[in-house]
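Spelled out, the chains give:
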Amino acid sequence: MGKHGQYQGAGSSARSAKSIGATAAALIVVPGARHPHNPRMNFCSHCGSDRIALRVPDGDNMPRYTCDACRAIHYQNPKVVVGCLPEWDGQVLLCRRAIEPRHGLWTLPAGFLENGESVVAGARRETDEEAGARVEIGELYTLISLAQIGQVFMMFRARLTDIDFAPGPESLDVRLFREEEIPWEELAFRTVARTLRTYFLDRKQGRFPLRVSVLERKPVHR
Ligand code: ZN
């Protein structure tokens, strides 16, 4: 998992801001309002103004942060997390996190996709950075929507090309686990737990269809 952590931060300006134009009419204008899903924006990244309001631009149907000074619309869209499940001789490779969040817990190598990077290249890069491991990336295996935090998680199956791996700066340890050795109580993320659980079930059937699912935010118990 990348430096930012899978459950930290959400949303991005995937489409860069565009002008709303002189004729655009807003259905609602709520200065200082907080978007229900997007990270709060306090300053315009185009002109630096703090005259940011939440409004539905003309021709749109979703509230967007817009700037009353330069009229930019700031679109925020989900981030993509890419990673893989590296296999070697019936074992899978896990990394023990050296960074927050979830310091000390185990994860599959994964992290935020970079602009200009393919999902396969991103999965390979994260595996190299976190585990010092070389992999042949195979089929896409789990695709998990974390809609409430604005993330899409894509995990590929992969084959280690050698076992000359070593922890990178973001990992305390990297090792291979047989199914009975998986530290289920010490996994860093529910996406990782779901991917591993599904993998061992599918492996018994000898087939690995693409698994598309949704993870809701955990209910808060008071
Ligand atoms: Zn502006």
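Structure shown above.
No experiment lies behind these values; they were computed from the predicted model shown. (Residues numbered from 1 in each chain as written. Predicted model: local features only at pLDDT ≥ 70, side-chain atom pairs only at ≥ 80, totals over all residues.)

As a further point, take the nonpolar core. Cys84, Leu85, Leu93, Leu108, Met155 and Phe156 are the most contacted members of the largest nonpolar core, which totals 35 residues. Of all the secondary structure elements, the ones that give two or more residues to this core are β6 (79-88), β7 (91-97), β9 (110-112), α1 (119-131), β10 (135-146), β11 (151-160) and α2 (190-205). Here the element with the most residues in this core is β11; it accounts for six residues. The next biggest cluster of nonpolar side chains, apart from the first, holds eight residues, and it includes Met41, Ile52, Tyr65 and Cys67. (Core = buried A, V, L, I, M, F, W, Y, C linked by C-beta atoms within 7 Å. Buried ≥ 20, exposed ≤ 12 C-beta atoms within 10 Å, placed from the backbone. Helix = DSSP H or I, 4+ residues; strand = E, 2+ residues; numbered from the N terminus.)

The next thing to look at is α2. Helix length check: α2 (16 residues) gives 23 Å between terminal C-alpha atoms against 22 Å at 1.5 Å per residue, within 8%. Every buried residue of α2 is listed here: Thr191, Val192, Thr195, Leu196 and Tyr199. The buried residues of α2 occupy an angular sector of 125° when projected down its axis, which confines them to one face. Exposed side of α2, more than 90 degrees from the buried face: Phe200, Leu201, Lys204 and Gln205 are the residues found there. As for α2, its buried residues are in contact with β6, β8 (106-107), β10 and β11. (Expected span 1.5 Å × (residues − 1). Arc of directions from axis to C-beta. Contact = placed C-beta atoms within 7 Å.)

On to unusual backbone geometry, then. Following Glu100, the chain continues to Pro101 via a peptide bond in cis, the omega torsion being -5°. By secondary structure assignment, the location of Pro101 is in the loop between β7 and β8. Phi at Arg71 is positive, roughly 70°, even though this residue is not glycine. If you trace the backbone, Arg71 turns up in the loop between β4 (64-67) and β5 (72-74).

For β11, the buried fraction is high: eight of the 10 residues fall into the buried class. Taken together, the nine bridges between β6 and β11 define a ladder with parallel strand orientation. The partner of Val80 across the bridge, within β11, is Val152. Across nine bridges, the pairing between β10 and β11 is antiparallel. Across the sheet, the residue bridging to Leu143 is Met154, located in β11. Hairpin connection, β10 to β11: the antiparallel pair is bridged by four residues, and Gly150 has positive phi, about 65°. (Pairing = 2+ DSSP bridges.)

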